[in-house]
Amino acid sequence: WTEKGKEKLIAEANHKLAGENLERKLIDIEVDDKVEKQIKLLEVDRKYGKLNDLEFEKQSATVKDEPYVGVVKTHFDPKKPKNHDSAELHDQKYSSRSQNRHEP
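Residues numbered from 1 in each chain as written. Predicted model: local features only at pLDDT ≥ 70, side-chain atom pairs only at ≥ 80, totals over all residues. Heavy atoms only, no water.

**A look at the overall build of the protein**
What counts is decided by this rule: Here a helix means four or more residues in a row that DSSP labels H or I, a strand means two or more in a row labelled E, and each is numbered from the N terminus. The classification of residues rests on relative accessible area computed with a 1.4 Å probe and restricted to protein chains. Under 20% of the type maximum is buried, over 50% is exposed, and intermediate values are partly exposed. Two residues form a contact once any of their heavy atoms are found within 4.5 Å.
The secondary structure content of the protein amounts to four helices and three strands. The N-to-C order of helical and strand elements in the protein reads α-α-α-α-β-β-β. Put simply, the protein has 104 residues, and 22% of those count as buried. Look at the contacts in the protein between residues 6 or more apart in sequence, and 19% of them connect residues 24 or more apart.

Take a look at the structure:
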């Protein structure tokens with residue numbers, strides 16, 4: 001093999017690894033930016049079922065140092081649209097909590 005540097009590491013990884021391990025190794029080799037690398041690793045976690053979409057979005061926002069609020073569950077009764085509408089939210093500063101539009 002005559003490849004040098006990253007090319008050689010990539011060729012070795014492709015030869016020795018497969019699946020999730022290969023994807024993680026290639027990200028480690030190819031991506032220099034710390035935030036971009038963390039996001040790509042989170043994408044691998046989501047792809048292989050280690051993170052659901054909500055957790056992926058939450059952790060991505062944390063890595064990017066961005067605010068995050070995600071809707072976990074909502075309740076809406078179309079027969080009574082003005083009564084008891086609520087949503088359960090997750091955000092980065094607080095654990096899950098319920099928000100009810102009609103609470104005082």
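That shown, we press on.
**Some words on unusual backbone geometry**
Its identity as a non-glycine residue notwithstanding, Asp65 has a phi of 60°, on the positive side. By secondary structure assignment, the location of Asp65 is in the loop between helix 4 (53–63) and strand 1 (69–75). On the basis of relative accessible area, Asp65 is assigned to the exposed category, the value being 71%.

**Digging into the environment of Asn52**
Worth spelling out the cut-off: In the analysis that follows, any N or O atom pair within 3.5 Å is treated as a polar contact, provided that within protein one partner can donate a hydrogen and the other can accept it, and provided that, for residues neighboring in sequence, both atoms belong to side chains.
Relative to the helices and strands, Asn52 is located in the loop between helix 3 (34–47) and helix 4. When its relative accessible area of 49% is taken as the criterion, Asn52 is described as partly exposed. Within the local environment of Asn52, its side chain forms a polar contact with the backbone nitrogen of Glu55, the two atoms lying 2.6 Å apart.

**So, helix 2 (residues 19–30)**
How we decide: Here the expected length of a helix is defined as 1.5 Å per residue gap, with one fewer gap than residues.
End to end, helix 2 covers 16 Å across twelve residues, agreeing with the expected 16 Å (1.5 Å per residue, within 8%). Taken together, the buried positions of helix 2 are occupied by Glu20, Leu22, Leu26, Ile27 and Ile29.

**Focus: the confidence of the model for the protein**
Basically, it comes down to this: Within a predicted model, pLDDT stands for the predictor's per-residue confidence, ranging from 0 to 100.
Summing up the model confidence of the protein, the mean pLDDT is 81 and the portion of residues at 70 or higher is 68%. Here strand 3 (residues 97–100) stands out as the least confident element of the protein, with mean pLDDT 40; helix 3 is the most confident, with 98. Note on residues 94–104: pLDDT is under 50 here. Beyond four places in sequence and across chains, it has 20 contacts.

**Looking at the pattern of salt bridges**
What counts is decided by this rule: Salt bridge, as used here: a side-chain nitrogen of Lys or Arg that lies within 4 Å of a carboxyl oxygen of Asp or Glu.
Inspection of the entire model under this criterion finds seven salt bridges. Residues participating in the shared-partner salt-bridge network are Glu20, Arg24, Asp45 and Lys50.

**Focus: the packing of aromatic side chains**
The criterion, for reference: Pairs were defined over the aromatic rings of Phe, Tyr and Trp, the Trp ring being its six-membered one, requiring ring centres within 6.5 Å. Orientation was assigned from the angle between planes: stacked under 30 degrees, edge-to-face over 60, tilted for the rest. In this analysis the charged atom, NZ for Lys or CZ for Arg, is taken to sit over a ring once it is within 6 Å of the ring centre and within 35 degrees of the ring normal.
One pass over the structure, following the stated rule, counts zero aromatic pairs. Taking the ring centre of Phe56 as reference, the NZ or CZ of Arg46 above it sits at 3.7 Å.

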